[in-house]
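Residue-level structure breakdown
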Amino acid sequence: MQQNYKIAETEWRIMEVLWQSPNQTIGDIKAALSDTDWSESTIKTLVRRLVQKGVVKADNSGGHFLYTPSVSEKDCQKKETRHFLSRIYHGSVKMMMTNLASESKLTEEETKKLMELIDKMEGGV
């Protein structure tokens, strides 16, 4: 598996199907994504990209291709979170949480406790 992969939003939908139920055929994936208007060709393209990135494995040992994730959902979520945090908030959890807290309906006391926790996480206290 490659360490430097990036999963696009459309590819993420494919990954969700495979995380929920590994060893799927293209037809299985298409059925699971029946709420989209994606053609079988589109799904094949997305799956092929994921295989090329090394985050999905293709197994043809049974006479037809079965696809399964080669990375865990948790690992991908962590990677996406780190990427988002780095890109939007320059790696600062405090900046992100401050922004979220200012937009939420937290009480002043809840906001204070949250900020104390963030300071501890970032080694500020």
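In case you missed it, the structure is sitting above this.
Here, residues in each chain are numbered from 1, in the same order as that chain's written sequence. A pLDDT threshold of at least 70 governs which residues receive local features in this predicted model, and a stricter bar of 80 or more applies before side-chain atom pairs are shown or counted, although totals over entire chains, interfaces and linings include all residues. Neither water nor hydrogens contribute to the side-chain values; these are computed over all heavy atoms in the structure.

Here's the deal with a negative patch on the surface
As a reminder, the rule being used: Exposure above 30% relative accessible area and the absence of a salt bridge qualify a residue for a patch, where like charges join within 9 Å and nonpolar side chains (Val, Leu, Ile, Met, Phe, Trp, Tyr) within 5 Å. Working definition of accessibility: Shrake-Rupley area with a 1.4 Å probe, residue cover restricted to the visible protein chains. Basic side-chain nitrogens of Lys or Arg form a salt bridge, by our definition, when they fall within 4 Å of a carboxyl oxygen of Asp or Glu. Counted as positive: Lys and Arg. Counted as negative: Asp and Glu, with His and the chain ends omitted from the count. Think of each charge as sitting on NZ of Lys, CZ of Arg, CG of Asp or CD of Glu. Only DSSP runs of H or I reaching four residues or more are called helices, and only runs of E reaching two or more are called strands; each is numbered from the N terminus. Here's how the labels work: a residue is buried when its accessible area is under 20% of the maximum for its type, exposed when over 50%, partly exposed in between, all with a 1.4 Å probe on protein chains only.
Side chains of Glu108, Glu109, Glu110 and Glu116 sit close together on the surface and give a patch of like negative charge. Its place among the elements puts glutamate 108 in helix 6 (residues 108-121). Assessed through its relative accessible area of 73%, glutamate 108 is described here as exposed.

Here's the deal with the packing of helix 4 (residues 73-89) against helix 5 (residues 93-103)
Applied cut-off: Inter-axis angles, ranging from 0 to 180 degrees, are taken between N-to-C directions of lines fitted to C-alpha atoms, where helices are fitted over the stretch in contact. By the definition adopted for this analysis, an angle is roughly parallel if under 35 degrees, roughly antiparallel if over 145, roughly perpendicular if from 65 to 115, and oblique otherwise. Two residues qualify as a contact provided that any one of their heavy atoms is within 4.5 Å of a heavy atom in the partner residue. Three categories are distinguished: nonpolar for Ala, Val, Leu, Ile, Met, Phe, Trp, Tyr, Cys and Pro, charged for Asp, Glu, Lys and Arg, and polar for the others, with Gly belonging to the last.
Running from N to C, helix 4 and helix 5 cross one another at 80 degrees; their axes reach a closest spacing of 9 Å. Comparing their axes, helix 5 and helix 4 come out roughly perpendicular. Facing Phe84, Leu85 and Tyr89 of helix 4, the residues of helix 5 in contact are Val93, Met95, Met96 and Asn99. In terms of residue class, the contact of helix 4 with helix 5 is made up of six nonpolar, one polar and no charged.

Quick word on the pairing of strand 2 (residues 66-69)
Heads up, the condition is: Pairing between strands requires that DSSP locate at least two bridges from one strand to the other.
Pairing of strand 1 (residues 56-59) with strand 2 involves four bridges; the strand directions are antiparallel. For aspartate 59, the partnering residue across the bridge sits in strand 2 and is leucine 66.

Some remarks on the packing of aromatic side chains
Condition: The aromatic pairing rule takes the rings of Phe, Tyr and Trp, using the six-membered ring of Trp, and pairs them if the centres are within 6.5 Å, calling planes under 30 degrees apart stacked, those over 60 edge-to-face and the rest tilted.
Counted under the stated rule, the structure contains three aromatic pairs. The interplanar angle of 75 degrees and the centroid separation of 5.2 Å between the aromatic rings of tryptophan 12 and tryptophan 19 together place this pair among those described as edge-to-face.

Description of the pattern of salt bridges
Taken as a whole and judged by the stated rule, the model has three salt bridges. The residue lysine 53 makes a salt bridge to glutamate 11 at a minimum N-O spacing of 2.6 Å. Of this pair, lysine 53 sits in helix 3 (residues 40-53) while glutamate 11 sits in helix 1 (residues 9-20), and the two are 42 residues apart along the sequence. Residue classification places glutamate 11 among the buried residues on the basis of a relative accessible area of 2%. Between glutamate 40 and lysine 44 there is a salt bridge; the shortest N-O distance is 3.6 Å. Taken together, the residues glutamate 40 and lysine 44, both in helix 3 and four residues apart, mark about one turn of the helix. Owing to a relative accessible area of 37%, glutamate 40 belongs among the partly exposed residues under this scheme. Residue lysine 44 is classed as partly exposed on the basis of its relative accessible area of 41%.

Concerning the nonpolar core
What counts is decided by this rule: We call a set of buried Ala, Val, Leu, Ile, Met, Phe, Trp, Tyr and Cys residues a nonpolar core when their side-chain atoms join them within 4.5 Å.
Within the largest apolar cluster, 21 residues are counted, with the highest numbers of intra-cluster contacts made by Ile7, Ile14, Met15, Ile29, Ile43 and Val55. Elements with a contribution of two residues or more to this core: helix 1, helix 2 (26-32) and helix 3. Element by element, the count of residues in this core is highest for helix 1, at six residues. Residues contacting isoleucine 7, with those up to four places away along its chain left out, are Trp12, Met15, Leu50, Lys53, Val55, Cys76 and Glu80. If you look at the next biggest cluster of nonpolar residues, it comprises six residues, including Tyr89, Met96, Met97 and Met115.

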